[in-house]
Structure formats: C-alpha cells, structure tokens
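What follows is the residue order along each chain.
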Amino acid sequence: MTAALLDRVATSAERLRSHGTRLSPSLAAAAFVLVVVGTNLPWATFSGFPGLMSLALYPAGSRIYVLALAPALALVAVRFSRRRQAGLAATLALLAVVVQTIIAIARDGGGLVNVSVGAWVTLLGALLGVAAFVALPDDGAPLPRSWPVLPALVEALAVVFAVAASLALLVYALDVEAPSQFVGFLLALGGGLVALNRLGLFEWLGALYARRQALTLVLMAAAAVTFPFTQGGSSYWLRVAANVGVFAAAAIGLNVVVGLAGLLDLGYIAFFGVGAYVAALYGNAGLGPSRGHLPFLAVIVLGALVSGLVGVLIGAPTLRLRGDYLAIVTLGFGEIFHTLVNTYDAYTGGPNGLSNIPDLRQGSFDFGLPHTVFGVELAGFANYYYLELVLVALVMFVFARLNASRIGRAWVAIREDELAASAMGINTVSYKLLAFGIGATLAGASGTVQAHVATQVSPDSFVFLQSVFLLAAVVLGGMGTVPGAVVGAAILIAVPEKLRAFSDYRLLLFGLLLVILMRFRPEGMIPSRRRQREFHDADGADALSAPPGSAVA
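Throughout this document, residue positions are counted from 1 along each chain, in the order its sequence is written. Local features in a predicted model are, by the rule used here, given only for residues with pLDDT of at least 70; side-chain atom pairs are given and counted only at 80 or more, and totals for whole chains, interfaces and linings are based on all residues. Think of the side-chain values as coming from all heavy atoms in the structure, minus any hydrogens and water.

## Thoughts on the overall build of the chain
Going along the chain from the N terminus, every DSSP run of H or I of four or more residues is numbered as a helix, and every run of E of two or more is numbered as a strand. Per the secondary structure count, the chain includes 22 helices and four strands. Within the chain, contacts between residues separated by at least 24 positions form 75% of all contacts whose residues are at least 6 apart in sequence. In this analysis, two residues are considered to be in contact whenever any of their non-hydrogen atoms come within 4.5 Å of each other.

## A short note on the packing of helix 10 (residues 236-260) against helix 20 (residues 482-498)
The axes of two packed helices give the description: the angle between them and the distance between them. Packing of helix 10 against helix 20 brings their axes to within 8 Å, and their N-to-C directions diverge by 140 degrees. Compared by their axis directions, helix 10 and helix 20 come out oblique. The crossing of helix 10 and helix 20 is right-handed. Contact residues: helix 10 offers Tyr-236, Trp-237, Val-240, Asn-243, Val-244, Phe-247, Ala-248, Ala-251, Ile-252 and Asn-255, while helix 20 offers Val-482, Ala-485, Val-486, Ala-489, Ala-490, Ile-493, Ala-494, Glu-497 and Lys-498. Classes in brief: Ala, Val, Leu, Ile, Met, Phe, Trp, Tyr, Cys and Pro nonpolar; Asp, Glu, Lys and Arg charged; the others, Gly included, polar. Class assignment of the residues belonging to the contact of helix 10 with helix 20 gives a composition of 15 nonpolar, two polar and two charged. The axes used here are C-alpha line fits, helices contributing only the stretch in contact, and every angle between their N-to-C directions lies in the interval 0 to 180 degrees. With respect to orientation, any angle under 35 degrees is reported as roughly parallel, any angle over 145 as roughly antiparallel, any angle of 65 to 115 as roughly perpendicular, and every other angle as oblique. What makes a crossing left-handed is the near helix being turned counterclockwise from the far one by less than a right angle; a clockwise turn instead makes it right-handed.

## A few points about the layout of surface pockets
In this structure, the second largest pocket encloses a volume near 820 Å³. What lines the second largest pocket is a set of 29 residues, among which Phe-247, Gln-466, Phe-469, Leu-492 and Ile-493 lie closest to the centre. Sorting the residues of the lining of the second largest pocket by element identifies helix 10, helix 11 (269-281), helix 18 (428-454), helix 19 (464-477), helix 20 and helix 21 (506-520) as the ones contributing at least two each. A per-class count over the lining of the second largest pocket returns 20 nonpolar, five polar and four charged. The definitions used throughout rest on a 1 Å grid laid over the protein atoms alone, on which a cavity is an enclosed set of points accommodating a 1.4 Å probe that cannot get out and a pocket is an open set flanked by protein within 12 Å on both sides along at least five of seven lines; lining residues are those having an atom within 4 Å of a point. Grid points are joined across faces, edges and corners, and a volume is the space filled by probe spheres set on the points.

## Details of helix 8 (residues 201-211)
In an α-helix, one full turn covers 3.6 residues, which means residues spaced three or four apart are oriented alike. Think of it in three bands: residues with accessible area under 20% of the maximum for their type are buried, residues over 50% are exposed, and the middle band is partly exposed, with areas taken using a 1.4 Å probe on protein chains only. Within the span of helix 8, buried status applies to Trp-204, Leu-205 and Leu-208. Axial view of helix 8: buried residues confined to an arc of 100 degrees, hence all on one face. Close packing links the buried residues of helix 8 with helix 6 (152-175). This arc is taken over the directions from the axis of the helix to the C-beta atoms.

## Comments concerning the nonpolar core
In these notes, a set of buried Ala, Val, Leu, Ile, Met, Phe, Trp, Tyr and Cys residues joined through side-chain atoms within 4.5 Å is what counts as a nonpolar core. Membership of the largest hydrophobic core comes to 145 residues, with the highest contact counts inside it found for Trp-411, Val-457 and Leu-470. Of the residues forming this core, the biggest block, 18 residues, is contributed by helix 10. Per-domain counts for this core show at least three residues from each of domain 1 (14-206) and domain 2 (234-359 + 377-497). Per the annotation, domain bounds derive from an automatic or database assignment of domains.

## Focus on the confidence of the model for the chain
Residues of the chain with pLDDT of at least 70 account for 85%, and the chain-wide mean is 82. Scored from 0 to 100, pLDDT records how confident the predictor is in each individual residue. Summarising per-element confidence for the chain, the mean pLDDT is lowest in helix 22 (residues 529-545) (54) and highest in helix 9 (residues 213-226) (93). The low-confidence segment residues 77-82, where pLDDT is below 50, has 15 contacts with residues more than four positions distant or belonging to other chains. Low pLDDT (under 50) marks residues 542-553, which in the prediction has six contacts with non-local residues, meaning those over four places away or in another chain.

## Some words on the packing of helix 11 against helix 12 (residues 296-315)
Between helix 11 and helix 12, the least distance of the axes is 8 Å, while the angle of their chain directions is 145 degrees. Classified by chirality, the crossing of helix 12 by helix 11 is right-handed. Residue-level contacts link Phe-271, Val-274, Gly-275, Val-278 and Ala-279 of helix 11 to Val-299, Leu-302, Gly-303, Val-306, Ser-307, Val-310 and Gly-311 of helix 12. A per-class count over the contact of helix 11 with helix 12 returns eight nonpolar, four polar and no charged.

Put into structure tokens, the structure is as follows:
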C-alpha cells in the first residue's frame, strides 16, 4: 500500500509539473507586462525620494534596474540550455530590487501608505515571474566546454565591448550616491551576473580572452588609464583607487605565499608596515624622527629589500612548520611587529606614528598637485593612481613569470602535497623560504608607496585585521591568479566605502555580501583553471555519491 501511495504522489507531482510547464509562458508574459507597466507608474507618493520615483512615464532610479532584468521574462518560452537557472536568478534579483525599494520608500515616507501603485504592480509581476520559472522543468544538458571560434574582427569587437561595458558599469556605480539606489544596483548586478554565468557567457569570455590575450591586456590597461578622466576633477574616488592599487599589489605578493606555495601567513601586514616605516623615515617626515631624505626610487628599493630580509630572517627558523602551526607563528610575528613600532618612540614615533610625510617629487613634478592633461584637470591623487598602476603592473609581471617558471611549479607541488614534492627531490624548505622572502619584498615595495599616499604611518594601520583583509582579498578574488587579487582588493575597499552611508550597518551588510559570494562562488571571483577544475570535479563527485532522489543528485 505504501508503494502505491508513493506512486500516486509521484504521478500527481508529475501532472502538476506538466501543467506548470504549459502555464509558464503565459505567466511570464503576464509578468513581463505587469513589470513594464509598473515601472512606468509612480512608486512613491512624495517627491524627494532618490530616482524621481514619484513621476509617471519616467522610469529612473531603481526602476531602471527592474527594466534591465525584465527581458528574462520575455525569453521564458525560448528553449536554450540552463534557461530555468538563469531566468530564476534574474527574476529573484528583480523581486529583491522591488522589495528593497518598497522598504526604503516606506522607511523614508513614514509607512507603506506612501508606496504608490506602480511598486505594487511591479511586485505582483515579479512574483508571477518567479512562479513562471519555478514551474519550468529542470535544465537540460550542460553547455559544451568547447566554444566555436568566431571571425577575428567579431572576437576583437566582443572584447572591446566587454571592457568598455565594465568601465561604464564601474563609473556608473561610483556615481550612484543614494544608498538605497546603490543597494538596488548591487542586487540587480549580482542577479544579472549570475544569470549570465548560468548561460555560459563568462566561460565563453574566458576562452575568448585566452585567444585574444594581447588585445585584452591592452584594452584593460587603456581602461585603467582612462578612469581618472571620468571623475570630473574629483579626488575622492581617485584616492580610493590609489588605495586599491596599493593593497592589490600587496595582495598579489601574498598570493605568492598563499596561492602558489600554500603557506598560511597571518602576519603578512607586518612586511607591508616595514616598507611603510622605511619610506617614512627616509622620506623626511615632518613630525617624528627622520633619517634624512633619499630619492623615492632608492626608498622603494630599500623598503623592498629590508622587508624581504625580515621575511627571510623570520621564515628561516619557522618554515619547517606546517599548517596551523605556521599560521600561529606568523600571527605572533605580526603582533610582535605591532608592539615594537608602538613602543620604540625613537625610531617609529610610538603610538602617534610618523606624520606629515611629504608628497613625492620627481624633479619638478609634484605628485600631490593637480595637473591638466589633454584639457582635463586631474586631481593630485591621479598621479598616485598612475604610480600604483605602474607598481601593480610590475608586481603582476613578477608573479606571472614566477608562476610560469620551474620555481612556480615547485611551489604548486608543495601546496598540493608537500611530502610527495619532497620525495620527488624538491627542497621544500628552501622553496618555501623563497616564497616567503619574495612575498615580503613585494609587500615592502607596496608599503613604501602607501606611506606617501596616506602621508602618515602609525601602528594602528598594521594590526591583525589588516592581514585578514589581505588574505580575504586573495581568497575572495581567487587564489593563484593575478586578476583575482586585484578584484578582491577592489571589492573589499570600494564596496564598504559606498556603504558608508549605512553607518553601523555597513560592516554587517558587507559581511553578508562576502558570505553570499563565498557560498555561491567558493573558488573565488576569478579562479585559476586548476581550482576551477577542482571545484567542478568535487561537485560532480558529490552528485554521483548522493543517494537517488536527494537534492544533490
């Protein structure tokens, strides 16, 4: 009798799914109409809410993001691979934007009574859209791993469009001032990226970038150089971008230690601090002890060498340790550095640190002054931004050459299985010490620049939390990859800056965002091919080992 009851339940479920599949196009069409109509109606009964939400026939603010996600509803009847997953991601993001905006309008207006009819019509359309995609059958076979090669001109234009679109999205995101609208933008962007990823767009772009690598690098460099010209003379985001460059260079150095060699370093910020204090001492700091003035090129080399030497001295007696024990030792070194610079006033200025570090000068060129280029006035921080671009490019070059060398392959072997690497004749201690020293050298070079960008150094800038920050940038962006470290540093610096208006909730929202990213993208934003294969293989093994009828299977 139990078997018969289960058969009836299965048959009923199959009938419901069959009816739902036939209803999905109708539900999606109705949802699309409601969303388009709703976004052209007022969402707020009062003026002053960001995005002119009280106007009809003028979809602005968060309504633009809803309209950008609406085409997923119109395409529900088209049979393409992974249509259910991609469409569901887009419609859930659409629903999230609508709900978040309704809450913001109700909060600013004093209650739901101030939410106008357009928001409710759009909410109904979003709910119908989610129901339409839930009713669809599961996606068919996954997209193929091999992609067709398009004509060279078409591929070049695709790369140009992708880079230009990325720069335009970045500039637009920075220009969104209203906090509620920026959160809506993040929700829409996240849902759109997930949907495009489900459709295989990023896999295709990855293969395209690999085939057109030289063009991609040139265009990305051009986009980076163009960024200061989009800021209208403002220095705010240029300063943030300069900080992103500093920490991106340091994160790439940590990527050598963690991503390639597999050594967990929890005191890495100390090497960054060594370089910063060297720059302050020999950069003629106005307040605090000074050791004279040296040219910046000499200072950056000196800071890198001193940091590398400290890294070797610290690593030599400790790198025979592994795993958690090594992490504890490096954590202790970071705390020792913080205590030393906080105590010895004669050299480090004590708790007050060293301040009034002068701007860099190269001949008659002052990095702290604005300059006019091609008729556009660039703020002073644009000079430091371009200096950071040069530094990041040099660090990227060093990382890429090391990764492709015999040394890099030895590090990867140690990371994967140190015992097996030792059995194959690799001197694991020497190679780990080399990774430690190179990572410290790159961190020291980054620290020398940071001292001039911030114009002061103090012990509070080099605490354990900063080491965690750099490690999070490496893991979030993708261990073992150069673009991953840059993207991770950019997210960890720029997103909290944009969420500053949320005051006490800023870190809570940012932490929630990190949890979501790590849940749905555990291999990182831009993972290496090796790690991507590892995660795909692990997912496949989980699916094969799961019992029939389970959620994983």
